[in-house]
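Each chain, letter by letter, is given below.
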Amino acid sequence: MSRIGRMPITVPAGVTVEIAEGNVVTVKGPKGELRQALRPEMEIHQEGAVLTVKRPSDDKLHRSLHGLTRSLLHNMVVGVTEGYKKELEVNGVGYRAAKEGKNLVMNLGYSHQVIVAETEGITIEVPAPNKIVISGCDKQAVGQFAAEVREKRPPEPYKGKGIKYADEVIRRKVGKTGAKK
């Protein structure tokens, strides 16, 4: 039995979960609404404020889908109640970020400014010129958007310049030494 898959999901007050035909799950809460089509083989049961996921057999596919389905449901419930956020740091001399309207405008050492538009379901905040906070209710969308912003100038290992996650540790390399004669 999957350790993650067999754990029940408690649905907090103010959150509604609807399971339609073909395992299309809709979760509505204070932060928004998420809809996802999960694999139809998995059995999702709702008893009051508790969701449980059961698998039809012990096939390898069903065993692997069991924990995945439960994790996706749990992420949807947490997303509409608390939401998810990723923090990015901009390091480098002259590197900075600012928010203009719905766009994130960054100076990253290029000859031009890098502009990233805010997408639906994602909010961008810039509390400081070297800090970017990306938040939303869909965990996958927040992570993907943060990865796309980081991709504009990934951190380099010699001076550590670039955009990195707040909890990321950059492995530094030693630069060149003087030539020997």
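Scroll up to find the structure.
Our subject in this report is the structure included herewith. (Residues numbered from 1 in each chain as written. Predicted model: local features only at pLDDT ≥ 70, side-chain atom pairs only at ≥ 80, totals over all residues. Heavy atoms only, no water.)

Attention now goes to helix 1 (residues 60-81). Counted at 1.5 Å a residue, the expected span for helix 1 with its 22 residues is 32 Å, and the 33 Å between its end C-alpha atoms agrees. The set of residues buried in helix 1 consists of His62, Leu65, His66, Gly67, Thr69, Arg70, Leu73, Met76, Val77, Val78, Gly79 and Val80. In this structure, the buried side of helix 1 is in contact with strand 1 (9-10), strand 3 (24-29), strand 4 (32-37), strand 5 (43-47), strand 6 (50-54) and strand 7 (84-91). Backbone geometry just after helix 1 places Gly83 at a positive phi near 85 degrees. (Helix = DSSP H or I, 4+ residues; strand = E, 2+ residues; numbered from the N terminus. Expected span 1.5 Å × (residues − 1). Buried < 20%, exposed > 50% of the residue type's maximum accessible area, 1.4 Å probe, protein only. Contact = heavy atoms within 4.5 Å.)

The subject of this paragraph is the pattern of salt bridges. All chains considered together, the criterion is met by nine salt bridges. Measuring nitrogen to oxygen at the nearest pair gives 3.0 Å for the salt bridge that ties Asp58 to Arg55. Of the residues examined, Asp58 reaches a relative accessible area of 55% and is grouped as exposed. Between Arg150 and Glu168 there is a salt bridge, with the nearest N and O atoms lying 2.8 Å from each other. Of this pair, Arg150 sits in helix 2 (residues 139-151) while Glu168 sits in the segment after strand 13 (162-165); the two residues are 18 residues apart in sequence, bridging distant segments of the chain. Taken together, the salt bridges that share partners define one network made up of Lys85, Glu87 and Lys131. (Salt bridge = Lys/Arg side-chain N within 4 Å of Asp/Glu carboxyl O.)

Our next topic: the environment of Lys102. The residue Lys102 is located in the loop between strand 8 (96-100) and strand 9 (103-107) in this model. Residue Lys102 is classed as exposed on the basis of its relative accessible area of 58%. Between the alpha carbons of Lys102 and Asn75 there is a distance of 26 Å; along the sequence they are 27 residues apart. When neighbours within four sequence positions are excluded, Lys102 is seen to be in contact with Val116, Ala117 and Glu118.

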